[in-house]
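# A closer look at the structure
Next come the chains, spelled out residue by residue.
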Amino acid sequence: MSSVTLTNFGLKRSVGRLSAYGRTSLLRRAIPLNRTIRSRLYSQEIPESADTPARSPLRSLLTLILVAGAGATAYGVYEIYGMLTLWPTELRTDLRSGLKARDKGDLALSERFLQRAWNTSKTLPIEVYKNEPHLKTSGIAVLLASVLEANGKHEQAYDIYLESLTSLQRAGTEGELSGPEKLRAIAISYKLGEMAGELQRPEEEEKHLVWAVEAILKSVLRLGEKDESAPDHVPESVSSFPADPDTRTMISELSLPEWATKTDIAAPLEALGAFYAQVGQVNFAMPLYLKAITILVPPEPQESTDEERCRGAQLMANLSELIIRSQSKPSEEILHQAEAWALQGLHISMKAKEKLTTIDPTCELAFAVALFNVAALRRMSGDNGEAKRLFKLSLKQSKSIGLQSGVEHAERALQELEAPSEALAAI
């Protein structure tokens, strides 16, 4: 019996045991998959003009998750002091000084100013922030936490993010959050899930990812059902951009990290699926992967970027592996189902690679994994000749992109295939 199994080359985050959190949440129920998802990416900041194309999310959970760290915009003294005039007077000096110190690389000094700004912001009446106040106060928290992260103070950053999310959640229960403020809460909750994984806090990782996914399902995806005739319709309650121009200016002045200003609604679904897959909860992981695939690779005539489609291809590879893993002895039907997903992922990643004029790490990785998994499934079906050909292609692809785990998996699989013929030759 061959030991070759489907894989994603071990590109999973390390997590501990599964907590009891969320056992009664809506994630326990099967996520319906027969709805068309109309909106994939929501931005919390308006582009400079209506003609400016939205930036595609350049992150994959199997390669790199989200860039965390402060923006590196350089400001002159005049520009710094000409900014932030729309913010409450009690905050302006500390915000300006914190931004200036950050952009000069003095993170310790920046932290002191921004910590004071954050502390002061919590003492002011919410009315002083005018429109979408929670988007502004959470912006200060994100700015401070990103500086703490950049300075290696990850646990302190985590605490600031958590305090900000708690405040947003409290406001949400009172019905006070706008669409962009809801998206900010989702982004911070997802960020906390990421950080909890890095800090080896699996129960908190699950808790924050569950909250982000449930918020997406309740506040974003279900709203697409309201207008069947408008595939690109985004309801007002989850509007992509702050409606008020002063709010847009105030948020942009903080130069926040991109993850906080652009909400990738597939990413929390991917992350929570990966979490459950890692701890062996396959029945939870599979519907999450399926929902993320529907978002990243929507049915025609909807479109998605090549990078999004390659992320979807990676998840198809993961899904094919989970289908096999869920059965102690996969039947012919199960093998066919798993292979269908693996082949679809291979087709999508190949097509994306052909279209791209530059190397995209996500697509290159998806292609290597898809080749290996289709080869493994051919091996399970007894088609050793095709399996050998595809394992060799996977080995070549992994070598070309420097993916050592992929090289090792492919070489081991090829050795196993060669072993029987070598044994016969020795007789």
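Residues numbered from 1 in each chain as written. Predicted model: local features only at pLDDT ≥ 70, side-chain atom pairs only at ≥ 80, totals over all residues. Heavy atoms only, no water.

### Description of the state of the cysteines
Any covalent bond linking the sulfur atoms of two cysteines counts as a disulfide. The test is simple: Count a disulfide wherever a pair of cysteine sulfur atoms falls within 2.5 Å. Each helix corresponds to a stretch of at least 4 residues labelled H or I by DSSP, and each strand to a stretch of at least 2 residues labelled E; elements are numbered beginning at the N terminus. When accessible area is computed with a 1.4 Å probe and restricted to protein chains, residues below 20% of their type maximum are described as buried, those above 50% as exposed, and intermediate ones as partly exposed.
Throughout the structure, instances matching the rule amount to 1 disulfide. The disulfide bridge from Cys-310 ends at Cys-363, spanning 1.9 Å between sulfur atoms. Sign of the S-S torsion, about 100 degrees for the bond between Cys-310 and Cys-363, identifies this disulfide as right-handed. With a gap of 53 residues between them, Cys-310 in helix α12 (residues 306–325) and Cys-363 in helix α14 (residues 361–380) connect regions that are remote in the sequence. Since its relative accessible area comes to 0%, Cys-363 is described here as buried.

### Considerations on unusual backbone geometry
Cis geometry is found at the peptide bond from Glu-300 to Pro-301, where omega equals 10 degrees. Here Pro-301 lies in the loop between α11 (282–296) and α12. Positioned with a positive phi, Glu-132 is a non-glycine residue whose angle comes to about 45 degrees. By the secondary structure assignment, Glu-132 is in the loop between α3 (107–121) and α4 (133–150).

### Digging into the packing of helix α10 (residues 267–278) against α12
When two helices pack together, their arrangement is given by the angle between their axes and by how far apart the axes lie. Convention followed: Axis definition: a line fit to C-alpha positions, over the contact stretch in the case of helices; interaxial angles, taken between N-to-C directions, run 0 to 180 degrees. Every angle not falling under 35 degrees, over 145, or within 65 to 115 is termed oblique; those three ranges are roughly parallel, roughly antiparallel and roughly perpendicular. The handedness criterion is simple: a crossing whose near helix is rotated anticlockwise from the far helix by less than a right angle is left-handed, and one whose near helix is rotated clockwise is right-handed. Contacts are assigned to residue pairs with any non-hydrogen atoms lying within 4.5 Å of each other. All amino acids are sorted into three groups, where Ala, Val, Leu, Ile, Met, Phe, Trp, Tyr, Cys and Pro are nonpolar, Asp, Glu, Lys and Arg are charged, and the leftover types, Gly among them, are polar.
Following both chains from N to C, one finds α10 and α12 inclined at 25 degrees, their axes separated by 12 Å at the closest point. In terms of orientation, α10 and α12 fall into the roughly parallel class. The element α10 and its partner α12 pack so that their crossing is left-handed. Of the residues in α12, those in contact with Ala-267, Glu-270 and Ala-277 of α10 are Arg-311, Leu-315, Leu-322 and Arg-325. Here the contact of α10 with α12 is composed, by residue class, of 4 nonpolar, no polar and 3 charged.

### Comments concerning the environment of Arg-378
For clarity, the cut-off: Think of a polar contact as two N or O atoms within 3.5 Å of one another; within protein, one of them needs to be a possible hydrogen donor and the other a possible acceptor, and neighboring residues in sequence only count if both atoms come from side chains.
Residue placement: Arg-378 occurs in helix α14. Put simply, Arg-378 and His-336 are 42 residues apart on the chain and 10.0 Å apart in space, counted from C-alpha to C-alpha. Every residue in contact with Arg-378, bar those within four places of it in the chain, is listed here: Glu-339, Asp-383, Glu-386, Ala-387 and Leu-390. At a separation of 2.8 Å, a polar atom in the side chain of Arg-378 contacts the side chain of Glu-339.

### Describing the pattern of salt bridges
Selection rule: The working definition used for a salt bridge is a side-chain nitrogen of Lys or Arg within 4 Å of a carboxyl oxygen of Asp or Glu.
Tallying each qualifying case throughout the model produces 16 salt bridges. Residue Glu-149 is joined to Lys-191 by a salt bridge in which the shortest nitrogen-to-oxygen separation is 3.2 Å. Linking Glu-149 in helix α4 with Lys-191 in helix α6 (residues 179–198), this pair joins segments that are 42 residues apart in sequence. Taking relative accessible area as the criterion, Lys-191 reaches 5% and is therefore assigned buried.

### Brief notes about the packing of aromatic side chains
For clarity, the threshold we go by: Paired rings are identified among Phe, Tyr and Trp, the last through its six-membered ring, by centres lying within 6.5 Å, and are further divided according to the angle between planes into stacked (under 30 degrees), edge-to-face (over 60) and tilted (the rest).
Throughout the structure, instances matching the rule amount to 3 aromatic pairs. Relative to Tyr-276, the ring of Phe-275 lies with its centre 5.6 Å away and its plane at 80 degrees, an arrangement referred to as edge-to-face. Overall, Tyr-276 belongs to the buried group, its relative accessible area being 2%. Among the aromatic residues, those joined into a cluster by ring pairs are Phe-275, Tyr-276 and Phe-284.

### Concerning helix α2 (residues 89–103)
Rules: To estimate how far a helix should reach, multiply one less than its number of residues by 1.5 Å.
In this model, α2 (15 residues) spans 22 Å end to end at C-alpha, consistent with the 21 Å of a helix rising 1.5 Å per residue. Residues Leu-91, Asp-94, Leu-95, Arg-96, Ser-97, Gly-98, Leu-99, Ala-101 and Arg-102 constitute the buried set of α2. Gly-105 sits one or two residues past α2 and shows a positive phi near 90 degrees.

### Here we look at the environment of Lys-122
Relative to the elements of secondary structure, Lys-122 occurs in the loop between α3 and α4. For Lys-122 and Ser-167, which are 45 residues apart along the polypeptide, the C-alpha to C-alpha distance reads 10.0 Å. Side-chain polar atoms of Lys-122 contact the side chain of Glu-163, separated by 2.6 Å.

### Here we look at the packing of α4 against α6
Contact geometry of α4 with α6 gives a least axis separation of 9 Å together with a crossing angle of 25 degrees. In terms of their interaxial angle, α4 and α6 are classed as roughly parallel. Taken as a pair, α4 and α6 cross one another with a handedness that is left-handed. Two secondary-structure elements touch here, α4 through Pro-133, His-134, Leu-135, Ser-138, Gly-139, Val-142 and Glu-149 and α6 through Pro-180, Glu-181, Arg-184, Ile-188, Lys-191 and Met-195.

Such coordinate-based values are descriptive only and should not be taken to indicate function.
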